[in-house]
Amino acid sequence: NNRELILAFETSCDETSVAVIEDGHKILSNIIATQIKSHQRFGGVVPEVASRHHVEQIIQCTQMALDEAEVTYEDLTAVAVTYGPGLVGSLLIGITAAKTIAFAHKLPLIPVNHLAGHIYAAQLVTPLSYPFMALVVSGGHTELVYVSAPNDYQLLGETRDDAAGEAYDKIGRVLGINYPAGKAVDQLAHQGNDTFKFPRAMIKEDNFDFSFSGLKSAFINTVHHADQLGETLDRADLAASFQASVCDVLVEKTLHALAEHPVKQLVVAGGVAANQGLRERLTATMATADPQTELIVPPLRLCGDNAAMIGAAASVQLATHQAFAGMDLNAVPSLDL
Ligand code: KG4
Ligand code: ZN
(Lines give C-alpha, C1' and ligand atoms only; values in the text may rest on other atoms or scores of the structure.)
(Ligands and ions follow the chains in the order given, each with its own letter.)
Protein backbone atom coordinates (compact mmCIF):
# COMPACT_ATOMS: atom_id res chain seq x y z
CA ASN A 1 0.00 0.00 0.00
CA ASN A 2 1.79 3.11 -1.24
CA ARG A 3 -0.86 5.66 -0.45
CA GLU A 4 0.19 8.55 1.80
CA LEU A 5 -2.68 8.80 4.29
CA ILE A 6 -2.69 11.62 6.83
CA LEU A 7 -5.18 11.86 9.68
CA ALA A 8 -5.49 15.57 10.45
CA PHE A 9 -6.96 17.48 13.40
CA GLU A 10 -8.10 21.11 13.59
CA THR A 11 -9.49 22.51 16.86
CA SER A 12 -8.01 26.01 17.00
CA CYS A 13 -11.29 27.87 17.47
CA ASP A 14 -14.94 26.86 17.28
CA GLU A 15 -14.96 24.00 14.78
CA THR A 16 -13.94 20.47 15.71
CA SER A 17 -12.63 18.97 12.49
CA VAL A 18 -10.94 15.69 11.56
CA ALA A 19 -9.97 14.69 8.03
CA VAL A 20 -8.16 11.98 6.09
CA ILE A 21 -6.08 13.25 3.17
CA GLU A 22 -4.53 11.02 0.53
CA ASP A 23 -1.29 12.07 -1.19
CA GLY A 24 -1.62 15.66 -0.01
CA HIS A 25 -4.51 16.65 -2.22
CA LYS A 26 -7.33 14.12 -2.18
CA ILE A 27 -9.98 14.56 0.53
CA LEU A 28 -11.17 11.14 1.69
CA SER A 29 -13.12 12.70 4.54
CA ASN A 30 -13.41 16.12 6.18
CA ILE A 31 -15.73 16.05 9.19
CA ILE A 32 -16.58 19.47 10.63
CA ALA A 33 -18.61 19.85 13.83
CA THR A 34 -19.38 23.52 14.35
CA GLN A 35 -20.19 25.00 17.76
CA ILE A 36 -21.48 28.32 16.48
CA LYS A 37 -24.93 27.94 18.06
CA SER A 38 -23.44 27.55 21.54
CA HIS A 39 -21.46 30.78 21.22
CA GLN A 40 -24.02 32.97 19.48
CA ARG A 41 -25.93 33.95 22.62
CA PHE A 42 -22.64 35.39 23.94
CA GLY A 43 -21.91 37.34 20.75
CA GLY A 44 -18.57 35.62 20.17
CA VAL A 45 -16.53 32.51 20.93
CA VAL A 46 -16.27 31.73 24.67
CA PRO A 47 -12.95 29.86 25.05
CA GLU A 48 -14.02 27.61 27.94
CA VAL A 49 -17.23 26.63 26.15
CA ALA A 50 -15.21 25.91 22.98
CA SER A 51 -12.79 23.57 24.78
CA ARG A 52 -15.62 21.59 26.34
CA HIS A 53 -17.31 21.12 22.98
CA HIS A 54 -14.06 19.92 21.41
CA VAL A 55 -13.75 17.31 24.17
CA GLU A 56 -17.29 16.12 23.51
CA GLN A 57 -16.90 15.99 19.74
CA ILE A 58 -13.38 14.86 18.97
CA ILE A 59 -13.66 11.10 19.38
CA GLN A 60 -16.84 10.85 17.33
CA CYS A 61 -15.40 13.11 14.62
CA THR A 62 -12.25 10.96 14.46
CA GLN A 63 -14.28 7.78 14.08
CA MET A 64 -16.47 9.38 11.41
CA ALA A 65 -13.42 10.62 9.49
CA LEU A 66 -11.84 7.15 9.44
CA ASP A 67 -15.12 5.43 8.57
CA GLU A 68 -15.96 7.80 5.74
CA ALA A 69 -12.43 7.46 4.34
CA GLU A 70 -12.66 3.68 4.73
CA VAL A 71 -9.25 3.50 6.39
CA THR A 72 -8.03 2.12 9.72
CA TYR A 73 -5.26 3.37 12.02
CA GLU A 74 -2.99 0.70 10.52
CA ASP A 75 -3.29 2.32 7.07
CA LEU A 76 -2.11 5.75 8.24
CA THR A 77 1.21 7.35 7.28
CA ALA A 78 1.12 10.17 9.85
CA VAL A 79 -1.03 12.21 12.20
CA ALA A 80 -1.19 16.01 11.79
CA VAL A 81 -2.51 18.67 14.12
CA THR A 82 -2.89 22.45 14.33
CA TYR A 83 -0.72 23.68 17.24
CA GLY A 84 -1.33 27.44 16.75
CA PRO A 85 -2.38 30.15 16.39
CA GLY A 86 -5.69 29.85 18.21
CA LEU A 87 -7.31 29.41 21.61
CA VAL A 88 -4.97 27.52 23.92
CA GLY A 89 -7.62 25.30 25.49
CA SER A 90 -9.12 24.44 22.12
CA LEU A 91 -5.75 23.72 20.51
CA LEU A 92 -4.81 21.39 23.36
CA ILE A 93 -7.78 19.11 22.72
CA GLY A 94 -6.70 18.46 19.12
CA ILE A 95 -3.06 18.14 20.17
CA THR A 96 -3.91 15.63 22.88
CA ALA A 97 -6.02 13.54 20.51
CA ALA A 98 -3.31 13.59 17.83
CA LYS A 99 -0.54 12.71 20.29
CA THR A 100 -2.54 9.84 21.73
CA ILE A 101 -3.13 8.30 18.31
CA ALA A 102 0.45 8.91 17.18
CA PHE A 103 1.78 7.28 20.36
CA ALA A 104 -0.59 4.32 20.36
CA HIS A 105 -0.05 3.52 16.68
CA LYS A 106 3.63 4.55 16.45
CA LEU A 107 2.95 7.21 13.81
CA PRO A 108 4.90 10.41 13.14
CA LEU A 109 3.24 13.56 14.53
CA ILE A 110 3.24 16.58 12.20
CA PRO A 111 2.72 19.99 13.87
CA VAL A 112 0.89 22.40 11.53
CA ASN A 113 0.51 26.17 11.65
CA HIS A 114 -3.18 27.05 11.17
CA LEU A 115 -2.30 29.78 8.63
CA ALA A 116 -0.20 27.36 6.58
CA GLY A 117 -3.30 25.18 6.61
CA HIS A 118 -5.46 27.97 5.20
CA ILE A 119 -2.86 28.59 2.46
CA TYR A 120 -2.50 24.92 1.52
CA ALA A 121 -6.27 24.48 1.24
CA ALA A 122 -5.47 25.61 -2.32
CA GLN A 123 -3.57 22.37 -2.89
CA LEU A 124 -6.85 20.49 -2.43
CA VAL A 125 -8.11 22.42 -5.46
CA THR A 126 -5.19 22.49 -7.89
CA PRO A 127 -1.44 21.70 -7.93
CA LEU A 128 0.58 24.64 -6.64
CA SER A 129 3.54 26.13 -8.49
CA TYR A 130 6.16 28.29 -6.84
CA PRO A 131 6.54 31.08 -6.14
CA PHE A 132 2.95 31.94 -5.30
CA MET A 133 1.29 34.73 -3.34
CA ALA A 134 -1.27 34.15 -0.61
CA LEU A 135 -3.81 36.66 0.61
CA VAL A 136 -4.79 35.28 4.01
CA VAL A 137 -8.02 36.82 5.28
CA SER A 138 -9.63 35.27 8.35
CA GLY A 139 -11.21 36.18 11.66
CA GLY A 140 -7.82 36.68 13.27
CA HIS A 141 -5.46 37.49 10.39
CA THR A 142 -5.11 39.65 7.29
CA GLU A 143 -1.76 39.05 5.61
CA LEU A 144 -0.01 39.03 2.26
CA VAL A 145 2.41 36.11 2.20
CA TYR A 146 5.00 35.33 -0.49
CA VAL A 147 5.57 31.58 -0.70
CA SER A 148 8.86 31.07 -2.55
CA ALA A 149 9.11 27.31 -2.07
CA PRO A 150 7.12 24.60 -0.29
CA ASN A 151 6.53 25.61 3.31
CA ASP A 152 8.73 28.72 2.95
CA TYR A 153 6.88 31.90 3.88
CA GLN A 154 7.77 35.56 3.67
CA LEU A 155 5.34 37.93 5.32
CA LEU A 156 5.03 40.98 3.05
CA GLY A 157 2.46 42.83 5.12
CA GLU A 158 -0.35 42.41 7.62
CA THR A 159 -3.07 44.32 9.41
CA ARG A 160 -1.94 46.82 12.00
CA ASP A 161 -5.16 46.49 13.96
CA ASP A 162 -8.33 44.50 13.23
CA ALA A 163 -8.42 41.51 10.91
CA ALA A 164 -10.87 41.73 8.00
CA GLY A 165 -13.14 39.03 9.44
CA GLU A 166 -13.06 40.68 12.85
CA ALA A 167 -14.21 43.96 11.27
CA TYR A 168 -17.08 42.12 9.56
CA ASP A 169 -18.12 40.59 12.88
CA LYS A 170 -17.95 43.93 14.71
CA ILE A 171 -19.95 45.99 12.22
CA GLY A 172 -22.35 43.04 11.89
CA ARG A 173 -23.19 43.44 15.54
CA VAL A 174 -24.13 47.10 14.92
CA LEU A 175 -26.47 45.89 12.15
CA GLY A 176 -28.04 43.43 14.59
CA ILE A 177 -26.42 40.39 12.94
CA ASN A 178 -25.31 37.47 15.07
CA TYR A 179 -21.69 36.23 15.30
CA PRO A 180 -20.06 35.30 12.93
CA ALA A 181 -21.55 38.06 10.81
CA GLY A 182 -19.40 37.85 7.67
CA LYS A 183 -21.70 35.75 5.53
CA ALA A 184 -24.88 37.70 6.40
CA VAL A 185 -23.18 41.07 5.84
CA ASP A 186 -21.92 39.75 2.50
CA GLN A 187 -25.46 38.76 1.47
CA LEU A 188 -26.90 42.08 2.64
CA ALA A 189 -24.19 43.94 0.73
CA HIS A 190 -25.41 42.42 -2.52
CA GLN A 191 -28.73 44.19 -2.08
CA GLY A 192 -27.22 47.65 -1.58
CA ASN A 193 -24.87 50.22 -3.08
CA ASP A 194 -21.69 51.96 -1.95
CA THR A 195 -23.44 55.22 -1.04
CA PHE A 196 -21.49 56.02 2.13
CA LYS A 197 -17.97 56.01 0.65
CA PHE A 198 -16.22 54.94 3.85
CA PRO A 199 -12.43 55.45 4.09
CA ARG A 200 -10.02 53.08 2.32
CA ALA A 201 -7.19 53.12 4.85
CA MET A 202 -3.58 52.92 3.60
CA ILE A 203 -4.71 52.09 0.08
CA LYS A 204 -2.17 54.39 -1.55
CA GLU A 205 0.66 53.75 0.88
CA ASP A 206 3.74 52.05 -0.47
CA ASN A 207 3.61 48.99 1.78
CA PHE A 208 1.56 45.81 2.07
CA ASP A 209 -0.03 46.53 5.43
CA PHE A 210 -3.72 46.95 6.17
CA SER A 211 -5.84 48.77 8.74
CA PHE A 212 -9.54 48.15 9.30
CA SER A 213 -10.21 49.79 12.66
CA GLY A 214 -10.74 53.26 11.12
CA LEU A 215 -13.30 51.82 8.72
CA LYS A 216 -15.02 50.05 11.60
CA SER A 217 -15.15 53.31 13.61
CA ALA A 218 -16.42 55.31 10.62
CA PHE A 219 -19.17 52.74 10.17
CA ILE A 220 -20.19 52.69 13.83
CA ASN A 221 -20.10 56.51 14.10
CA THR A 222 -22.27 56.87 11.01
CA VAL A 223 -24.90 54.53 12.47
CA HIS A 224 -24.81 56.12 15.95
CA HIS A 225 -25.00 59.64 14.54
CA ALA A 226 -28.09 58.71 12.52
CA ASP A 227 -29.61 57.06 15.63
CA GLN A 228 -29.20 60.29 17.58
CA LEU A 229 -30.95 62.25 14.85
CA GLY A 230 -33.72 59.66 14.82
CA GLU A 231 -32.86 58.68 11.25
CA THR A 232 -32.74 55.12 9.95
CA LEU A 233 -30.08 54.33 7.41
CA ASP A 234 -30.44 51.72 4.70
CA ARG A 235 -28.84 48.54 6.10
CA ALA A 236 -28.08 47.12 2.67
CA ASP A 237 -26.31 50.32 1.60
CA LEU A 238 -24.34 50.32 4.86
CA ALA A 239 -23.25 46.72 4.30
CA ALA A 240 -22.45 47.37 0.62
CA SER A 241 -20.40 50.45 1.49
CA PHE A 242 -18.45 48.57 4.16
CA GLN A 243 -17.82 45.66 1.83
CA ALA A 244 -16.75 47.94 -1.04
CA SER A 245 -14.17 49.56 1.20
CA VAL A 246 -12.77 46.23 2.46
CA CYS A 247 -12.63 44.74 -1.05
CA ASP A 248 -11.05 47.86 -2.59
CA VAL A 249 -8.22 47.76 -0.08
CA LEU A 250 -7.67 44.00 -0.26
CA VAL A 251 -7.68 43.94 -4.07
CA GLU A 252 -5.53 47.07 -4.48
CA LYS A 253 -2.88 45.92 -2.00
CA THR A 254 -2.79 42.45 -3.51
CA LEU A 255 -2.26 43.86 -7.01
CA HIS A 256 0.52 46.05 -5.65
CA ALA A 257 2.19 43.01 -4.05
CA LEU A 258 1.88 41.04 -7.30
CA ALA A 259 3.42 43.89 -9.28
CA GLU A 260 6.47 44.00 -7.01
CA HIS A 261 6.74 40.24 -6.48
CA PRO A 262 5.64 38.45 -9.66
CA VAL A 263 4.36 34.94 -9.05
CA LYS A 264 2.63 32.13 -10.93
CA GLN A 265 -0.43 31.87 -8.71
CA LEU A 266 -2.46 33.92 -6.27
CA VAL A 267 -4.11 31.94 -3.48
CA VAL A 268 -6.94 33.49 -1.49
CA ALA A 269 -7.27 31.81 1.90
CA GLY A 270 -9.21 31.94 5.17
CA GLY A 271 -12.81 32.49 6.23
CA VAL A 272 -13.17 35.84 4.46
CA ALA A 273 -12.10 34.18 1.18
CA ALA A 274 -15.69 32.89 1.23
CA ASN A 275 -16.85 36.48 0.63
CA GLN A 276 -18.76 36.65 -2.67
CA GLY A 277 -17.93 40.31 -3.20
CA LEU A 278 -14.20 39.66 -2.77
CA ARG A 279 -14.30 36.57 -5.00
CA GLU A 280 -16.10 38.45 -7.77
CA ARG A 281 -13.86 41.50 -7.51
CA LEU A 282 -10.67 39.47 -7.54
CA THR A 283 -11.81 37.30 -10.43
CA ALA A 284 -12.74 40.33 -12.54
CA THR A 285 -9.68 42.39 -11.61
CA MET A 286 -7.14 39.61 -12.07
CA ALA A 287 -8.56 38.75 -15.49
CA THR A 288 -7.80 42.24 -16.77
CA ALA A 289 -4.97 43.58 -14.56
CA ASP A 290 -2.86 40.43 -14.20
CA PRO A 291 -4.07 37.64 -16.52
CA GLN A 292 -0.73 35.74 -16.29
CA THR A 293 -1.21 34.99 -12.62
CA GLU A 294 -3.58 32.09 -11.94
CA LEU A 295 -6.17 32.91 -9.28
CA ILE A 296 -7.01 30.07 -6.88
CA VAL A 297 -10.04 30.56 -4.67
CA PRO A 298 -10.96 27.38 -2.78
CA PRO A 299 -14.63 26.33 -2.57
CA LEU A 300 -16.52 27.77 0.40
CA ARG A 301 -16.25 24.66 2.61
CA LEU A 302 -12.44 24.80 2.37
CA CYS A 303 -12.23 28.53 3.19
CA GLY A 304 -13.49 28.25 6.76
CA ASP A 305 -11.68 26.23 9.40
CA ASN A 306 -11.37 22.54 8.51
CA ALA A 307 -8.92 19.68 9.01
CA ALA A 308 -8.51 18.83 5.31
CA MET A 309 -6.37 21.96 4.86
CA ILE A 310 -4.24 20.87 7.85
CA GLY A 311 -3.68 17.49 6.18
CA ALA A 312 -2.66 19.22 2.94
CA ALA A 313 -0.11 21.43 4.73
CA ALA A 314 1.16 18.42 6.69
CA SER A 315 1.81 16.55 3.44
CA VAL A 316 3.99 19.44 2.24
CA GLN A 317 5.93 19.32 5.51
CA LEU A 318 6.38 15.58 5.11
CA ALA A 319 7.66 16.03 1.54
CA THR A 320 10.12 18.75 2.58
CA HIS A 321 11.39 16.68 5.54
CA GLN A 322 10.33 19.11 8.25
CA ALA A 323 10.93 17.86 11.78
CA PHE A 324 8.22 15.80 13.44
CA ALA A 325 6.87 16.84 16.82
CA GLY A 326 7.58 14.90 19.98
CA MET A 327 5.20 14.02 22.78
CA ASP A 328 6.11 17.36 24.34
CA LEU A 329 4.33 19.32 21.57
CA ASN A 330 2.50 22.25 23.15
CA ALA A 331 -0.08 24.75 21.88
CA VAL A 332 1.34 28.09 20.69
CA PRO A 333 -1.63 30.51 20.79
CA SER A 334 0.12 33.36 18.94
CA LEU A 335 2.22 31.30 16.51
CA ASP A 336 3.45 33.20 13.40
CA LEU A 337 3.97 31.73 9.95
O1 KG4 B 1 -10.76 31.25 8.85
P2 KG4 B 1 -11.93 31.34 9.75
O3 KG4 B 1 -13.02 30.29 9.61
O4 KG4 B 1 -11.48 31.33 11.24
C5 KG4 B 1 -10.29 31.97 11.63
O6 KG4 B 1 -9.19 31.36 11.47
O7 KG4 B 1 -10.39 33.15 12.04
O8 KG4 B 1 -12.57 32.80 9.54
C9 KG4 B 1 -13.72 33.21 10.24
C10 KG4 B 1 -14.05 34.62 9.81
C11 KG4 B 1 -15.18 35.25 10.64
O12 KG4 B 1 -14.75 36.54 11.05
C13 KG4 B 1 -16.34 35.34 9.63
O14 KG4 B 1 -17.22 36.43 9.89
C15 KG4 B 1 -15.60 35.52 8.33
O16 KG4 B 1 -14.49 34.65 8.44
N17 KG4 B 1 -16.42 35.17 7.17
C18 KG4 B 1 -16.76 36.04 6.20
C19 KG4 B 1 -17.59 35.34 5.29
N20 KG4 B 1 -17.71 34.06 5.73
C21 KG4 B 1 -16.98 33.97 6.89
N22 KG4 B 1 -16.44 37.33 6.04
C23 KG4 B 1 -16.94 37.96 4.96
N24 KG4 B 1 -17.74 37.37 4.05
C25 KG4 B 1 -18.08 36.06 4.17
N26 KG4 B 1 -18.87 35.49 3.25
ZN1 ZN C 1 -8.98 29.89 10.37
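Cut-offs used in this document
- Residues numbered from 1 in each chain as written.
- Chains lettered and ligands numbered in written order.
- Predicted model: local features only at pLDDT ≥ 70, side-chain atom pairs only at ≥ 80, totals over all residues.
- UniProt positions renumbered as here; feature names shortened; annotations may be inferred.
- Helix = DSSP H or I, 4+ residues; strand = E, 2+ residues; numbered from the N terminus.
- Contact = placed C-beta atoms within 7 Å.
- Buried ≥ 20, exposed ≤ 12 C-beta atoms within 10 Å, placed from the backbone.
- Domains from an automatic or database assignment.
- Nonpolar A, V, L, I, M, F, W, Y, C, P; charged D, E, K, R; others polar.
- Near = placed C-beta within 6 Å.

**Here we look at the UniProt feature "binding site: substrate" (unreviewed entry) in the protein chain**
And step 1. Under the UniProt annotation, the feature "binding site: substrate" (unreviewed entry) is placed at Val136, Val137, Ser138, Gly139, Gly140, Asp169, Gly182, Asp186 and Asn275.
And step 2. Position of Val137 relative to the elements: it lies in strand β6 (residues 132-137).
And step 3. Contact partners of Val137, with chain neighbours within four places excluded, come to Thr142, Ala164, Gly165, Leu250, Gly270, Val272 and Ala273.
And step 4. Among the secondary structure elements, Asp169 is positioned in helix α5 (residues 164-174).
And step 5. Asp169 sits in the buried class, given 22 other C-beta atoms within 10 Å.
And step 6. Those residues in contact with Asp169 that sit more than four places away from it in its chain are Gly139, Tyr179, Pro180, Ala181 and Gly182.

**What about the domain arrangement of the protein chain?**
The accessible area lost on association of the parts is a frequent measure of interface size.
And step 1. Along its sequence, the protein chain is organised into domain 1 (5-120 + 303-319) and domain 2 (127-297).
And step 2. Once you take the C-alpha centre of each, domain 1 and domain 2 turn out to be 27 Å apart.
And step 3. At the junction of the two partners, domain 1 supplies 14 residues and domain 2 supplies 18 residues.
And step 4. Of all elements in the fold, only α1 (36-40), α4 (114-120) and α11 (307-319) reach the threshold of two or more residues within the side of domain 1 that touches domain 2.
And step 5. Here the side of domain 1 that touches domain 2 is built from residues that sort into 7 nonpolar, 7 polar and no charged.

**As for the UniProt feature "domain: Gcp-like" (unreviewed entry) in the protein chain**
And step 1. The UniProt feature table records "domain: Gcp-like" (unreviewed entry) at residues 26-311.
And step 2. The span residues 26-311 shows a helical share of 48% and a strand share of 17%, and its end C-alpha atoms are spaced 10 Å apart.

**Here we look at the site of ligand 1**
And step 1. Near ligand 1 you find 20 residues, and of these Gly139, Gly165, Gly182, Gly271 and Asn275 are the closest.
And step 2. No other element matches the 4 residues that α5 contributes to the shell around ligand 1.
And step 3. Grouping the amino acids of the shell around ligand 1 by side-chain chemistry returns 6 nonpolar, 9 polar and 5 charged.
And step 4. A domain-level breakdown of the shell around ligand 1 finds at least three residues from each of domain 1 (5-120 + 303-319) and domain 2 (127-297).

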